[in-house]
Amino acid sequence: MDSAVTSTGPLGPSLAAPLVGRLAIVGIGLIGSSIIHACKARGIAGTIVAIDRDPAVLERCAALGLGDERTGDLAGVAGADLVVLCIPVGAFAAVAEAMGPHLKPGAIVSDVGSVKGSIIAQTRPHLPAGTHLVPAHPVAGTEYSGPDAGFATLFQRRWCILTPPEGTEPAATALVEGFWQAMGANVEIMSAEHHDRVLAITSHVPHLIAYNIVGTAADLETVTESEVIKFSAGGFRDFTRIAASDPTMWRDIFLHNKEAVLEMLGRLNEDVAILSRAIRWGDGDTLFDLFTRTRAIRRGIISQGQDAAEADFGRRHAEGAEGAAGNPTSDKPAGA
Ligand SMILES: NC(=O)C1=CN([C@@H]2O[C@H](COP(=O)(O)OP(=O)(O)OC[C@H]3O[C@@H](n4cnc5c(N)ncnc54)[C@H](O)[C@@H]3O)[C@@H](O)[C@H]2O)C=CC1
Ligand SMILES: O=C(O)C(=O)Cc1ccc(O)cc1
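Small disclaimer: the values here were computed from a predicted structure and weren't measured.

**So, unusual backbone geometry**
Unusually for a residue other than glycine, Arg157 sits at a positive phi of about 60°. Summarising the element assignment, Arg157 is placed in the loop between strand E9 (136-138) and strand E10 (159-162).

The structure is reproduced here in structure tokens:
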């Protein structure tokens, strides 16, 4: 990648020549618009076609200058070298069916969906021979959605997981790998099945827990709504951020990663039963041992540099610096 770099700006290296001639992004929400910002900032694509079925979204794209061309018609993928589907997981079959006939021979189709097995199953049957499918999932996002929420640095130093089905042309995978690296992401390749199990425990079940706890708190008869808001500075506040995530997107994720999520929920329920028992019987050792183990996991994540801002917060907190008592979790995406 480095030999193709001409200059380094505030957003990182800019490419000497675009990696992709014609890029089509379908779905200009948080992720689609962030890709467009990142590609523009770094000269990754020659021409960008922004496609969305919602006229209001296209209007915002025009106002924000997102895309060199904009259309509500999936025929807009015609002539694209790379098409990236940035739509809810439940919309893939219909979109793939409608766009399939317009793809040029050799086109690479990728995506950003949070579930991979279902996306492959929905998309592959509709892709003409001679095109390539290289599914991707940037493990980076916020609780915000829509074209106004995107920003160029969203993927920087974040993981992007590729799940090319067996038999995928290595050159197609390499192109998509280079595309994400050019936006600042670290790329890892694994099977779709493995991806869906890993993400079920690291992302999907945590979101379900957040939705559930906020719902439960809201339903409690003995705690008023104003008390929930007033005293939400504790752990509950972090849950409310996650529970503000897009309902359509998350409904689709749970419906399309059903098996892995149910498997992980089964394990979680068993472990919650063990904790309930420890609390009931005053078994402090069980609680202390678990909390010691989980604290080490958290510190391991930070020392691996996966969350530099929070590591910095932790350091400043230890030093007693000004502002260290605030919550390190941003309520707003940078630049939004
Ligand atoms: N929000 C996040 O933090 C992350 C989301 N993802 C995945 O990225 C994908 C997109 O998520 P967001 O950008 O957050 O969603 P979003 O809600 O911000 O944007 C989705 C866009 O897709 C458009 N759309 C929906 N159906 C369409 C169709 N049939 N044809 C054309 N456009 C259509 C909508 O009008 C909307 O503009 C989802 O699959 C999600 O699982 C992946 C990583 C992080
Ligand atoms: O905002 C958060 O905490 C997230 O977890 C964002 C996110 C949502 C969905 C994904 O598939 C990946 C990342």
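**Considerations on the site of ligand 1**
Contacts to ligand 1 come from 29 residues, most closely from Gly27, Gly29, Ser114, Gly141 and Ser145. Mapped onto the shell around ligand 1, the elements with two or more residues apiece are helix H1 (30-42), helix H3 (92-99) and helix H9 (247-256). Ranked by residue count, the leading element in the shell around ligand 1 is H1, at three residues. By residue class, the composition of the shell around ligand 1 is 16 nonpolar, nine polar and four charged.

**As for the sheet that holds E10**
Overall, mixed pairing links the three strands, which are arranged E9-E10-E11 in an open sheet. In this open sheet, the two strands that pair with only one neighbour each are E9 and strand E11 (186-189). Strand-to-strand twist of the sheet, defined as the mean angle between neighbouring strand axes without regard to direction, takes the value 20°. Sheet topology note: the E10/E11 ladder contains four bridges and is parallel. When the sheet's bridge partners are listed, Cys160 is paired in E11 with Val187. Across the sheet, helix H5 (residues 170-182) touches E9, E10 and E11, and the angle it forms with E10 is around 170°.

**So, H5**
In this model, H5 (13 residues) spans 18 Å end to end at C-alpha, consistent with the 18 Å of a helix rising 1.5 Å per residue. Phi turns positive one or two residues past the end of H5, at Gly184, with a value near 95°.

**Remarks on the sheet that holds strand E5 (residues 69-71)**
The sheet built from six strands is open, its strands ordered E5-E4-E3-E6-E7-E8 with parallel pairing. The open sheet has two free edges, formed respectively by E5 and strand E8 (132-133), since each of these has just one partner strand. Pairing of strand E3 (residues 20-26) with strand E6 (residues 82-85) involves four bridges; the strand directions are parallel. Among the inter-strand pairings, Ile25 is bridged to a residue of E6, identified as Val84.

**Side note on the nonpolar core**
Grouped together as the largest cluster of nonpolar side chains are 66 residues, with contacts concentrated most on Leu23, Ala24, Ile25, Val26, Ala50, Val83 and Cys86. Among the elements that make up this core, the one with the highest residue count is H1 (six residues). For this core, the two domains that each supply at least three residues are domain 1 (2-190) and domain 2 (194-319). Sequence-distant contacts of Val83, that is, excluding residues within four places in its chain, are made with Ala24, Val26, Val77, Ala107 and Val109.

**With respect to the site of ligand 2**
Near ligand 2 the following residues occur: Ser114, Val139, Ala140, Gly141, Thr142, Glu143, Ser203 and Ile242. Considered class by class, the residues forming the shell around ligand 2 number three nonpolar, four polar and one charged.

**So, the confidence of the model for the protein**
Confidence in the prediction of the protein, expressed as mean pLDDT, is 88, and 86% of residues score 70 or more. Overall, residues 308-336 carries pLDDT values under 50, and its contacts beyond four positions in sequence, including any with other chains, amount to 25 contacts. Predicted as a complex, the structure gets a pTM of 0.89 and an ipTM equal to 0.98.

**Describing the domain arrangement of the protein**
Assigned domains within the protein: domain 1 (2-190) and domain 2 (194-319). A straight line from the C-alpha centre of domain 1 to that of domain 2 covers 30 Å. Contact with domain 1, which involves 14 residues of that partner, is made by 17 residues of domain 2. Here the side of domain 1 that touches domain 2 is built from residues that sort into five nonpolar, seven polar and two charged.

**Thoughts on the packing of helix H6 (residues 192-219) against helix H8 (residues 235-242)**
Following both chains from N to C, one finds H6 and H8 inclined at 115°, their axes separated by 8 Å at the closest point. Considering their axes alone, H6 and H8 lie roughly perpendicular with respect to each other. Relative to H8, H6 is oriented so that their crossing is left-handed. Along its contact with H6, which presents His207, Ala210, Ile213, Val214 and Ala217, the element H8 presents Phe236, Phe239, Thr240 and Ile242. Its residues placed into classes, the contact of H6 with H8 shows seven nonpolar, two polar and no charged.

**Brief notes about the environment of Gly76**
Looking at where Gly76 falls in the secondary structure, it is placed in the loop between E5 and E6. Taking the C-alpha atoms as reference, Gly76 lies 7.2 Å from Val49; in sequence the two are 27 residues apart.

**A few points about the packing of H6 against helix H10 (residues 258-280)**
Across the interface, H6 lies against H10 with an axial gap of 9 Å and an inter-helix angle of 60°. When the interaxial angle is binned, H6 and H10 end up oblique. By crossing handedness, the relation of H6 to H10 is classed as right-handed. The residues of H10 that touch H6, namely those facing Asp196, Arg197, Ala200, Ile201, His204 and Val205, are Ala260, Val261, Met264, Leu265 and Leu268. For the contact of H6 with H10, the per-class residue count stands at eight nonpolar, one polar and two charged.

Conventions and cut-offs
- Just so you know, the residues in each chain are numbered from 1, in the order the chain's sequence is written.
- Each chain takes a letter, starting from A, and each ligand takes a number, starting from 1, following the order in which they are written.
- Where totals are concerned, whole chains, interfaces and linings use all residues; where local detail is concerned, this predicted model gives features only for residues with pLDDT of at least 70, and gives and counts side-chain atom pairs only at 80 or more.
- Helix and strand definitions follow DSSP, with helices as H or I runs of at least four residues and strands as E runs of at least two, each counted in order from the N terminus.
- Defining nearness, a residue is near a molecule or strand when the C-beta atom obtained from its backbone falls within 6 Å of it.
- Amino acid classes used here: Ala, Val, Leu, Ile, Met, Phe, Trp, Tyr, Cys and Pro are nonpolar; Asp, Glu, Lys and Arg are charged; the rest, including Gly, are polar.
- Strands qualify as paired when DSSP identifies two bridges or more between them.
- Axes here refer to lines fitted to C-alpha atoms; in helices the fit is confined to the stretch in contact. Angles between the N-to-C directions go from 0 to 180 degrees.
- Residues are scored as being in contact if the C-beta atoms we place from backbone atoms lie within 7 Å.
- An expected span of 1.5 Å times one less than the residue number is assigned to each helix.
- Among buried residues, those of type Ala, Val, Leu, Ile, Met, Phe, Trp, Tyr and Cys that are joined through C-beta atoms within 7 Å form a set called a nonpolar core.
- Note on burial: count the other C-beta atoms lying within 10 Å of the residue's C-beta; 20 or more is buried, 12 or fewer is exposed, in between is partly exposed, and C-beta positions come from the backbone.
- For each domain, the first and last residues come from an automatic or database assignment.
- Summary of the metric used: pLDDT quantifies the predictor's per-residue confidence within the range 0 to 100.
- Oblique is the label for every angle not falling under 35 degrees (roughly parallel), over 145 degrees (roughly antiparallel), or within 65 to 115 degrees (roughly perpendicular).
- Rotating anticlockwise by less than a right angle from the far helix to the near helix defines a left-handed crossing, while the corresponding clockwise rotation defines a right-handed one.

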